[in-house]
Structures are given as structure tokens and as C-alpha cells.
Amino acid sequence: MSQVLVVTSGKGGVGKTTSTAAIGAALALSGQRVAVVDFDVGLRNLDLVMGAERRVVYDLINVVQGEAKLQQALIRDKRLDTLYVLPASQTRDKDALTEEGVTRVMEELRNHFDWVVCDSPAGIERGAMLAMRHADVAIVVTNPEVSSVRDSDRIIGMLDSKTVKAEKGEYMEKHLLLTRYDAARAERGQMLKVDDVLEILSIPLLGIIPESEAVLNASNVGCPVTLVDSDSAPARAYLDAARRLEGENIPMVVPSERRGFMSKLFGRRAA
Amino acid sequence: MLTRAAPATRIFLQALTPSETHGFFVRSVNGPGVVNHSLTSVSHRLLNRRQIAIVATPASKQRAAIRFRGRSFLATVLAPELPLAEWLAELDKLSKRSEGYFASRPVILDVTGLAITKRDFAELIAMLYEREIKVMGVEGADPSWLGFGMPPSVSGGKQTEILHKPSAEPPKQQQSFADRAIPSLLIETPVRSGQSIIFPQGDVTVVGSVASGAEIIAGNSIHIYGTLRGRAIAGSTGNAGARIFCQKFEAELIAIDGLYQTADDLDASLRGRPIQAWLANDKMNMAALA
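Residues numbered from 1 in each chain as written. Chains lettered and ligands numbered in written order. Predicted model: local features only at pLDDT ≥ 70, side-chain atom pairs only at ≥ 80, totals over all residues. Heavy atoms only, no water.

Draft legend 1. Highlighting the overall build of chain B. Helix and strand counts for chain B stand at three helices and 19 strands. Per-residue burial for chain B yields a buried fraction of 43% across its 290 residues. Summarising the internal contacts of chain B: among those between residues at least 6 apart in sequence, 47% fall at separations of at least 24. A total accessible area of about 15,600 Å² is found for chain B, and carbon and sulfur atoms account for 53% of it. (Helix = DSSP H or I, 4+ residues; strand = E, 2+ residues; numbered from the N terminus. Buried < 20%, exposed > 50% of the residue type's maximum accessible area, 1.4 Å probe, protein only. Contact = heavy atoms within 4.5 Å. Areas by Shrake-Rupley, 256 points an atom, 1.4 Å probe, with all protein chains shown as cover.)

Listed below in C-alpha cells is the structure:
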């Protein structure tokens, strides 16, 4: 039974693409066939984060408009042979996606994969609507700051009204992924606490991704953080999140960096 | 409370009877005041007058408050089809069968997707006028068509059944108070940022929270069994007896019968507590619930 998962947020720059790559890779690690699809037409970042940017020949728009076959556009990941990337186009404008075309491509992807993970553009415009339209499950990515939380609230409202599932009157499964979380700063009142965010958004928590250099390093080397540095705190958080997504019951902890005794003594980083 | 140095700012929508105006405006009684009625939404089958926000310029001397009231009306929607000559002929046939049907009826003209020019449109309006059909609003028209002297543009209508009652029917007996249903809207999901719940018919009850950036507009009272972070506008149709109840009070704005208070004016000691708000002598009162 294939599942379409959309990774979405209201505000930009909260970590949708990073999360799409990390969760897509984490799901593929367990042997499931996973396609990550970049819906952010005009910007195109997912292929970069996945390290596939030099192998893009055809993209989502070519497939949607019938200029290329799905098999031609899908790029197989070099590290995991069950992980595929469907990149977006940087050269075409964002209105090139048609509703019928997207519906057809999503149906085709469903036939070939266990998970179709869609990386949505930020905001509430047409691109974001098309990305969430055919989803069965949604991950709402939020930073612990008020503007991000309010925009996420808006997106949750749209997930409940504008998706195919919602229009059929079915329940849309939604999860909250809290990224760039810094427990120490939250404790000092410099960012929203987990409980505050949950109270405002009232959807189940999928995971808390701590603020970490590992995330930046991973995207710079073009590899999902769950593959390149799988023992880092954010990677462990993403791996746990992926398992929760599959219905496993794992206690919620905020992972912290594992550091040796010596580095704890001497390795104090500037905040 | 609401007696500040600046004159009390009120938000209301004034309903004018359709026969008076063929439309509706925001009527300012006296004094300058910037009225922003961009939120006013009127519709196709149901005209739904909404709360509007007004910003009153601080005035040096005391002035009478301006009132705006909201009211909903049913309107008949005519959607012409091409060719217009044929459509008008059909219309004539129809109105011959029930004479005077359009005589006292507000009509909204729906020209969505109709491939006509500005001149065709003006002609159409004139032809309808000739048939004594008063167009009180136009939906889906190009903004450039609607100059001065044209009916105003409307949008966002809600579909509703239009009941055609035979006129011979005797007037209905007044129902006793006990039999009359008091309409109420129950919302069991959180009201999300950007959502707007408008229910001029009566009470709104929310089992959940109202997010910051969301608004509830009710003709009567508002009950929120959760946190109120957004706006609550009760008694929007001019009901000063309406109240606002909420389990946890973090509101951006509350209003009853047009009198409103924003977060900045509110008593800070009530934040985060269960409260109720009501009007007494045109003053907003708020108290914590035990």
C-alpha cells in the first residue's frame, strides 16, 4: 500500500527540503522503495541536497507535460538503490504545473513506490496546493518561533480543506516536525517551548530536530543527514521520526550531541 | 474599559433595505472616519454582510459614534448566457409566466466566464433595467466595467435554496417562542489561522481553540472551550445582549454589537483565564469566570 507524504510549511526556510531528504532516506534505509519529489518549481533545491544535481536530465515539469517518461526523469540515489529523486525545473516558471498532469504523475508514482515524499514550496500558493493535493499524510515543519507557528496553523487549515482526502470527507493525517530546536534557549525563554507549539497547533508531534551543525554540513556535501552522519543528533531524530511515521511507538526525546569527555571539557562552542 | 479619550470606536454594518438603495453602503452618520470595508463580502445567493474594521481618527471633541450593522439577505442570482438576445427572450417568457416576480426582488447578476465586452455589459444592464429588474450587484465582472452609476461588485456568495412560495398561501401563524429553534453552530475542530467563521443566524460554539489570525463572527453569543487567540465578534447583527465566553483568554480583538477592544486595551490580569465579556450601557465589561 503506497503512501503519499507531503512535507510542507507556511514559512520558508524552516527546513522542508532538508527534512524531505532526511526522512526520505530514513524510510529507504529500511528497504522500502521511496521517491522524493521536488515541487518547488523555479527554485529546485532537493536534487542539490540529495547530491543529484549533476545527473538531472528531465524534471517533474517534463513528466507532467508529457515530454518525458517518469522512468527517464527519476534519478536513482548513488548510496541507496531504493531511493529515487524526481527533481524540479529551475528554468521553467511555476505555473507550468498542471493539475491533471500532477494527478497523472502521482498515480504513476503510487504504482512504483512504497513512499512518495513531496517537498512542497513554502506558502499557500498554487505550487503548495498541488504538492499537498494528493497526499495521504502530511508533515508540517515548524521552527520554534511565533511567525512560523502561525503560518503552520494556516497550512494545517488548508490540509483540512483543500486536499483530495479532505474533500472526500476523510481524515487527513498530519504530523508536526519541530526543527532547529535549541533546548537551552527554549529554557531561557528565547524561543517557544515544545509544549507551547503543540498547544497552539494541536496536532501530534512526529519529532524534534535539534539545531546542529551536522544539518548544514550534510546539505553542503549533498547527502541527507541520515546517511552522511547517521550518529549525529539530528540524524537520530529524523530516523526516530521516520519510524514513528510508520506507526512505531518510540518515546519522544530531544537528542543531544554525543560528545566525548575531553571534548566536553575543551570543546565549548560559542553560542 | 472602552471609555477612552478618543471617541469609542464602533464597528457595525448598516443594513439598508434593498428597495431603498439596491445595494448597501456603509453609512456614516457624522464626522470623519476612515472606513475600511474591504472585508465586506456579499454574495450570490446569500448576501452575507460581514463585520468590518474601522479606524476612527482621533478627534478633539466628542462625537456621536458611528454604527454599522451586518445583515444577511437572500438575493436571486441571474446568470446570463450567450447569445444575450436569446437569453433575454427566455427571460421575458419566464417573467410573463409569473408577473411581477422581479418587481420587489434584489437581483445579483452573475457574469462569471461570460465572453462579453464592456459595451455589451452596459447594454445588458440597460435591458434588465427596462424590464424593471433592479441589479443590486454584479459578480464576476471585469472591474473596468463597473464605473460610476453601475451596480457594485460582489463576491464570495454562498449557495442556498430559493423557496418559491405560491403567493396565495395564507400568512403563517407566528410560532410561539418555545417552538422556535434557536440556531447554533457547533465547531468541533480548532479554528485555524486565516479561517473566518461567519454565522449571523445565532450562537457559535467552538470545542477547541481559535488561533491567532482566525476570526469568529456570530449574530449572537460566542462560546469557546479552548484558547481564544484570534478575534471574536459577537452580536454582529446588532445584538447588544450577546456575550463572549472562553476557557482561556488570549484574544487579539473582541467585539460585541460593534463595540470592540483590542489586545492592547484589555485588562492584562484577565489574560490566560476563563472569562466572559458582555455589554452594559454601551460599555464592554469583562470578568473572570470562577
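Draft legend 2. Summary view of the interface of chain A and chain B. Facing the ten residues of chain A at the interface are 13 residues of chain B. Between chain A and chain B, a total of about 840 Å² is buried, with carbon and sulfur atoms accounting for 36% of that surface. Ranking the residues of chain A by area buried against chain B places A:Arg150, A:Asp153 and A:Glu199 at the top, with a combined share of 53%. For the pair chain A and chain B, the interface holds four salt bridges. B:Arg192 serves as the salt-bridge partner of A:Asp153, at 3.0 Å between the closest nitrogen and oxygen. Joining chain A to chain B, the criterion identifies seven residue pairs in polar contact (both at pLDDT 80 or more). Those elements giving two or more residues to the side of chain A that touches chain B turn out to be helix H7 (146–159) and helix H10 (194–201) of chain A. The dominant element in the side of chain A that touches chain B, judged by the number of residues it contributes, is H7(A), at five residues. (Buried area = accessible area lost by both parts, 1.4 Å probe. Salt bridge = Lys/Arg side-chain N within 4 Å of Asp/Glu carboxyl O. Polar contact = N/O pair within 3.5 Å; in protein donor to acceptor, adjacent residues only side chain to side chain.)

Draft legend 3. Representation of the sheet that holds strand E15 (residues 244–249) of chain B. Residues and elements named next belong to chain B. Strand order in this open sheet of six strands is E9-E11-E13-E15-E18-E19, and the pairing throughout is mixed. Of all strands in the sheet, those with a lone pairing partner are strand E9 (184–187) and strand E19 (283–288), marking the two edges. Neighbour to neighbour, the strand axes of the sheet diverge by 20° on average, direction disregarded. Pairing of E15 with strand E18 (residues 275–280) involves three bridges; the strand directions are antiparallel. In the sheet register, Cys246 faces E18, and the bridge partner there is Ile275. (Pairing = 2+ DSSP bridges. Axes fitted to C-alpha atoms, helices over the stretch in contact; angles between N-to-C directions.)

Draft legend 4. Summary view of the pairing of strand E2 (residues 34–38) of chain A. Residues and elements named next belong to chain A. With five of five residues buried, E2 lies mostly within the body of the structure. Judged by which residues are buried, E2 turns out to be covered on both faces: Val34, Val36 and Asp38 on one side and Ala35 and Val37 on the other are all buried. Pairing between E2 and strand E5 (residues 115–119): five bridges, direction parallel. If you follow Val34 over to E5, its bridge partner there is Trp115.

Draft legend 5. The arrangement of the nonpolar core in detail. All names here are of chain A. Residues Phe39, Leu86, Leu97 and Leu109 are the most contacted members of the largest nonpolar core, which totals 50 residues. At five residues, the largest contribution of residues to this core is made by H7. Residues in contact with Leu97, not counting those within four places in the same chain, are Phe39, Val41, Leu60, Ile61, Val64, Val102, Arg126 and Leu130. If you look at the next biggest cluster of nonpolar residues, it comprises 37 residues, including Trp115, Leu206, Ala214 and Val225. (Core = buried A, V, L, I, M, F, W, Y, C linked by side-chain atoms within 4.5 Å.)

Draft legend 6. Expanded view of the packing of helix H2 (residues 84–97) of chain B against helix H3 (residues 118–130) of chain B. Residue and element names in this part refer to chain B. Two numbers describe how H2 lies on H3: the axes approach to 12 Å, and their chain directions differ by 15°. With respect to H3, the axis of H2 lies roughly parallel. Handedness of the H2/H3 crossing: right-handed. Of the residues in H3, those touching H2 at Leu84, Trp87, Leu88 and Leu91 are Leu124, Met127 and Leu128. For the contact of H2 with H3, the per-class residue count stands at seven nonpolar, no polar and no charged. (Parallel < 35°, antiparallel > 145°, perpendicular 65-115°, else oblique. Left-handed = near helix turned anticlockwise from the far one by under 90°. Nonpolar A, V, L, I, M, F, W, Y, C, P; charged D, E, K, R; others polar.)

Draft legend 7. Representation of the sheet that holds strand E7 (residues 135–139) of chain B within the structure. Here we have four strands laid out as an open sheet, ordered E5-E6-E7-E8 (chain B), and parallel in their pairing. Both outer strands of the open sheet, strand E5 (76–78) and strand E8 (153–154) of chain B, are each paired with one neighbouring strand and no more.

Draft legend 8. Quick look at unusual backbone geometry. Phi at A:Arg180 is positive, roughly 55°, even though this residue is not glycine. Inspection of the secondary structure assignment puts A:Arg180 in strand E7 (residues 173–181). The backbone of B:Asn281 shows a phi angle near 50°, a positive value even though the residue is not glycine. Following the sequence through the fold, B:Asn281 ends up in the loop between E18 and E19.

Draft legend 9. Molecular detail of the environment of B:Gly272. Residue and element names in this part refer to chain B. Relative to the assigned elements, Gly272 resides in the loop between strand E17 (259–262) and E18. For the pair Gly272 and Glu250, spaced 22 residues apart in the sequence, the C-alpha separation amounts to 5.9 Å. Aside from chain neighbours lying at most four places away, what touches Gly272 is Lys248, Phe249 and Glu250.

Draft legend 10. Structural view of the packing of helix H1 (residues 16–29) of chain A against helix H13 (residues 233–245) of chain A. Residues and elements named next belong to chain A. Interaxial distance between H1 and H13 falls to 9 Å at its minimum, and their mutual angle equals 65°. One finds that H1 runs roughly perpendicular with respect to H13. The interaxial crossing formed by H1 with H13 has right-handed handedness. On H13, the residues that touch Thr18, Ser19, Ala22, Ile23, Ala26, Leu27 and Leu29 of H1 are Tyr238, Leu239, Ala241, Ala242 and Leu245. Classifying every residue of the contact of H1 with H13 by side-chain character gives ten nonpolar, two polar and no charged.

Draft legend 11. Inspection of a nonpolar patch on the surface at higher detail. On the surface, a cluster of nonpolar side chains totalling about 310 Å² of accessible area is made up of B:Leu186, B:Val207 and B:Tyr225. Secondary-structure assignment places B:Tyr225 in strand E13 (residues 222–228). (Patch = residues over 30% accessible without salt bridge, like charges linked within 9 Å, V, L, I, M, F, W, Y side chains within 5 Å.)

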